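The lines below spell out each chain.
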Amino acid sequence: MAKNKHKKTESFDFNGGWDYSPSPESTSHVKLKERYELYIDGKFVAPDSGKYFQTTNPATEKVLAEVAHANEADVEKAVSAARKAYETVWSKLSAKERGKYIYRIARLMQERARELAVVETLDAGKTIRESRDVDVPLACNHFFYYAGWADKLEYAFPNRKVSSLGVAGQIIPWNFPLLMAAWKIAPALAAGNTVVLKPAETTPLTAMLLAEIIHESGLPAGVVNILTGYGDTGAAIVNHPDVNKVAFTGSTNVGKIIQKAVAGTGKKLTLELGGKSANIVFEDAPIDQAVEGIVNGIFFNQGHVCCAGSRLFVQESVADEVIRKLKDRLDTLYVGDPLDKNTDIGAINSREQYESIKKYIEIGKKEGAEMYESKCSLPKNGLFIRPTLFTDVAQSSRIAQEEIFGPVLTIQTFRTIDEVIQKANNSPYGLAAGVWTDKGSRIFNLTTKLRAGVVWANTYNKFDPTSPFGGYKESGFGREGGLHGLGAYLKIEN
Ligand code: NDP
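Below: a short report on this structure. (Residues numbered from 1 in each chain as written. Predicted model: local features only at pLDDT ≥ 70, side-chain atom pairs only at ≥ 80, totals over all residues. Heavy atoms only, no water.)

When helices and strands are tallied, the protein shows 16 helices and 22 strands. Over its C-alpha atoms, taken along the principal directions, the protein stretches across nearly 70 × 50 × 35 Å. The buried share among the 494 residues of the protein stands at 58%. Intrachain contacts of the protein at a sequence separation of at least 6 include 75% that bridge at least 24 residues. Carbon and sulfur atoms make up 50% of the accessible area of the protein, which amounts to about 20,000 Å² in all. Here the protein holds 60 positive side-chain charges and 58 negative ones, and the gap between their average locations is 4 Å. (Helix = DSSP H or I, 4+ residues; strand = E, 2+ residues; numbered from the N terminus. Buried < 20%, exposed > 50% of the residue type's maximum accessible area, 1.4 Å probe, protein only. Contact = heavy atoms within 4.5 Å. Areas by Shrake-Rupley, 256 points an atom, 1.4 Å probe, with all protein chains shown as cover. Lys, Arg positive; Asp, Glu negative; His and termini not counted. Charge placed at Lys NZ, Arg CZ, Asp CG, Glu CD.)

Its boundaries defined by the atoms lining it, the second largest pocket holds a volume of some 560 Å³. As for the second largest pocket, its lining consists of 24 residues, and the residues nearest its centre are Asp 19, Tyr 20, Leu 333, Tyr 334 and Val 335. (1 Å grid on protein atoms, 1.4 Å probe; cavity = no way out; pocket = protein on both sides within 12 Å on 5 of 7 lines; lining within 4 Å. Points joined across faces, edges and corners; volume = space filled by probe spheres on them.)

A separate point is the side chain of Thr 127. Among the structural elements, Thr 127 can be located in the loop between helix H3 (113–124) and helix H4 (128–149). Using a relative accessible area of 4% as the deciding quantity, one classes Thr 127 as buried. Setting aside residues up to four positions removed in sequence, Thr 127 forms contacts with Thr 121, Gln 302, Pro 338, Thr 343, Asp 344, Ile 345 and Gly 346.

The next point concerns the environment of His 215. Mapping His 215 onto the fold places it in helix H7 (residues 205–216). Residue His 215 is classed as partly exposed on the basis of its relative accessible area of 39%. Excluding its chain neighbours within four sequence positions, the residues that come into contact with His 215 are Tyr 39, Gly 42 and Phe 44.

Around the ligand, 27 residues are found, and the nearest of them are Trp 174, Glu 201, Ser 251, Leu 273 and Glu 403. Taking Ile 172, its main chain carries an N or O atom lying 2.9 Å from an oxygen atom of the ligand. The backbone of Gly 231 places a nitrogen or oxygen atom 3.1 Å from an oxygen atom of the ligand. Relative to its free-state accessible area of 860 Å², the ligand is covered by the protein chains to the extent of 84%. At the level of elements, helix H8 (231–239), strand S10 (245–249) and helix H9 (252–262) are the ones that each hand at least two residues to the shell around the ligand. With 3 residues, H8 is the largest single contributor of residues to the shell around the ligand. (Near = heavy atom within 4 Å. Polar contact = N/O pair within 3.5 Å; in protein donor to acceptor, adjacent residues only side chain to side chain.)

On to the packing of H3 against H4, then. In the contact formed by H3 and H4, the axes pass within 8 Å of each other and the chain directions differ by 125°. With respect to H4, the element H3 is oriented oblique. In this structure, the crossing between H3 and H4 has a hand that is right-handed. Across the interface between the two elements, Ala 113, Leu 116, Ala 117, Val 118, Glu 120 and Thr 121 of H3 pack against Ile 128, Ser 131, Arg 132 and Val 136 of H4. (Axes fitted to C-alpha atoms, helices over the stretch in contact; angles between N-to-C directions. Parallel < 35°, antiparallel > 145°, perpendicular 65-115°, else oblique. Left-handed = near helix turned anticlockwise from the far one by under 90°.)

A positive phi angle is found at Asp 392, which is not glycine, with a value near 55°. Relative to the helices and strands, Asp 392 is located in the loop between strand S15 (388–391) and helix H13 (398–401). Residue class for Asp 392 comes out exposed when judged on its relative accessible area of 58%.

Turning to the sheet that holds strand S13 (residues 311–315), a few remarks are in order. Spatial ordering of the open sheet is given by S14-S15-S16-S13-S12-S18-S19, a layout of 7 strands whose pairing is mixed. Sheet topology places strand S14 (370–373) and strand S19 (454–457) at the edges, where each strand pairs with a single neighbour. If you compare each strand with its neighbour and ignore which way they point, the axes differ by 20° on average. Here 4 bridges tie strand S12 (residues 278–281) to S13, and the two strands are oriented parallel to one another. By the bridge assignment for S13, Asn 279 is matched with Leu 312. The sheet contacts of helix H11 (residues 316–330) involve S12, S13, S14, S15 and strand S16 (408–414), and relative to S13 the element is tilted by about 135°. (Pairing = 2+ DSSP bridges.)

Now for the packing of aromatic side chains. Applying the stated criterion to the full structure yields 14 aromatic pairs. Three or more aromatic residues link up through ring pairs in this structure, and these residues are Trp 183, Trp 456, Tyr 460, Phe 463 and Phe 469. The side chain of Lys 245 reaches across the aromatic face of Tyr 489, ending 4.6 Å from its centre. Above the face of the Phe 282 ring, Arg 442 is positioned so that its terminal group lies 4.5 Å from the ring centre. (Phe/Tyr/Trp six-rings, centres within 6.5 Å; stacked < 30°, edge-to-face > 60°. Lys NZ or Arg CZ within 6 Å of the ring centre and 35° of its normal.)

Time to look at the nonpolar core. Met 109, Leu 189, Val 281, Leu 326 and Leu 486 are the most contacted members of the largest nonpolar core, which totals 112 residues. The element best represented in this core is helix H6 (residues 177–190), accounting for 11 residues. In contact with Leu 486, not counting residues within four places along its chain, are Tyr 146, Trp 149, Leu 153, Ala 156, Phe 157, Pro 187, Ala 190 and Ala 191. Counting residues in each nonpolar core, the second largest holds 25 residues, with Ala 78, Ala 82, Ile 171 and Ile 237 among its members. (Core = buried A, V, L, I, M, F, W, Y, C linked by side-chain atoms within 4.5 Å.)

Here we take up the pattern of salt bridges. Applying the stated criterion to the full structure yields 33 salt bridges. Among the salt bridges present, the one from Lys 256 reaches Glu 474, with a minimum N-O distance of 3.4 Å. Note that Lys 256 is positioned in helix H9 and Glu 474 in the loop between strand S20 (472–473) and strand S21 (476–477), a separation of 218 residues in sequence. Each of Lys 33, Arg 112, Glu 115, Glu 212 and Glu 216 takes part in one network of salt bridges that share partners. (Salt bridge = Lys/Arg side-chain N within 4 Å of Asp/Glu carboxyl O.)

Let's shift gears to the pairing of strand S11 (residues 268–272). Counting buried residues along S11, 4 of its 5 residues qualify, which places the element largely inside the surrounding structure. Pairing of S10 with S11, which is carried by 5 bridges, proceeds in the parallel orientation. Residue pairing in the sheet places Ala 247 in a bridge with Thr 270 of S11. In the classification by handedness, the crossover that spans S10, the intervening H9 and the parallel S11 is right-handed. As paired elements, S11 and S21 share 2 bridges and run antiparallel to each other. Note that in S21 the partner of Glu 272 across the bridge is Gly 476. (Right-handed = clockwise from strand over helix to strand, strands pointing away.)

Structural data, given as structure tokens:
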């Protein structure tokens, strides 16, 4: 029978005997400033607090630059600049002109794509292959896509009356810093709103480069304001009474705080929170492709992905084969210098996140699951974790229930379709899922029964600006991307 024809002895020793030559991306074209100020009302200004904090490269833990810590007074200035720009310029401008600015930002980002990719890799620890081939092009595409909608809002929502909301407060996380900024800013501008955005404290640099690009584009002062800072800066934006819309991507805990804070204020809210997504492999799946999809699902961006396929469910009849092939594949993954083009898995974003992942690995071992980690060597310095998987995982186990946000996969088996639907849905989260099978009917059956905002079939982690993204349950509400993402920045009436 085909299913068990591969025996243990057929494993390949990928790590024996040869290696890639180093292929580091040059950083010579990047000139980081020693200090980055706030971008308010079209100017780069010192923070009211006079305080700055350091941002480091997680691959070396060396300081890259200092960034400003915006306090409530800075938030006040930014929101009033955004309000003034909204009332006097942006809402008065023709939609066609608004679209031109957004196109211009996209083109300028493309021109500085290499610099953006290198800085993203330095600041976030993600591999250069990913920043160069995924994050930066997708971020540009979001601006291009929404630029196209700016003067077509009445076609986007036919027979409805649409109007902009006003000032949007946007708070973004550290896992896709530039891309999340694009997801937030592009639809807000296309819909006619002005923006106050706060990047995460560990990854502020590409947001500050984006501020430079926006400045260079000639966008009227105050239309986009970028404030670096900590959680208190984010909270001040959320709580500001003159903010009309809050868009947040980050942890479920902070999402809950924000939801409480805006309750009863009339502010429109979208929350894109955590996840613990199921990736399901049936026995009729193309196993080799599924193994690639599993690897991409959990190890892409070091597993710092809200929709990471962190819970793998494999049909019992093919479980041995899938797990053996996965272990083989894990051993081929390169963990190391994020700037090296051979690297598959870069650095963990921060020491705090590193400790948190390590803690979960220990929890998994203590809970009795069997751990396997790749045999690869790790750099002596910096924050690196080997790709890790756990088998013999119980459904109730913490590593199967809680978001680890790192390169750690839990594996469970199932026999029937009903069983896997129950197991996959048995989670407080509902962001994404993957299904690997030969049968279209099974895919359609599962997509209607899995409580997940996005279900990928025979693929994983595919993103496109035209496609809405968002979750159920504790993964949040509202959608970003596509027309749904545009609607989140509009008042839509009959
Ligand atoms: P947070 O939710 O704390 O941070 C997200 C953003 O919110 C950051 O810009 C943060 O600022 C800001 N923030 C923090 N507190 C507040 C507040 N009270 N009001 C408004 N804004 C606030 O995520 P973490 O960075 O701490 O990551 C913790 C966990 O969250 C991860 O382990 C992961 O599980 C999950 N996560 C999920 C993401 C997703 O895409 N769904 C993305 C990132 C994290 P600052 O950076 O200064 O704290």
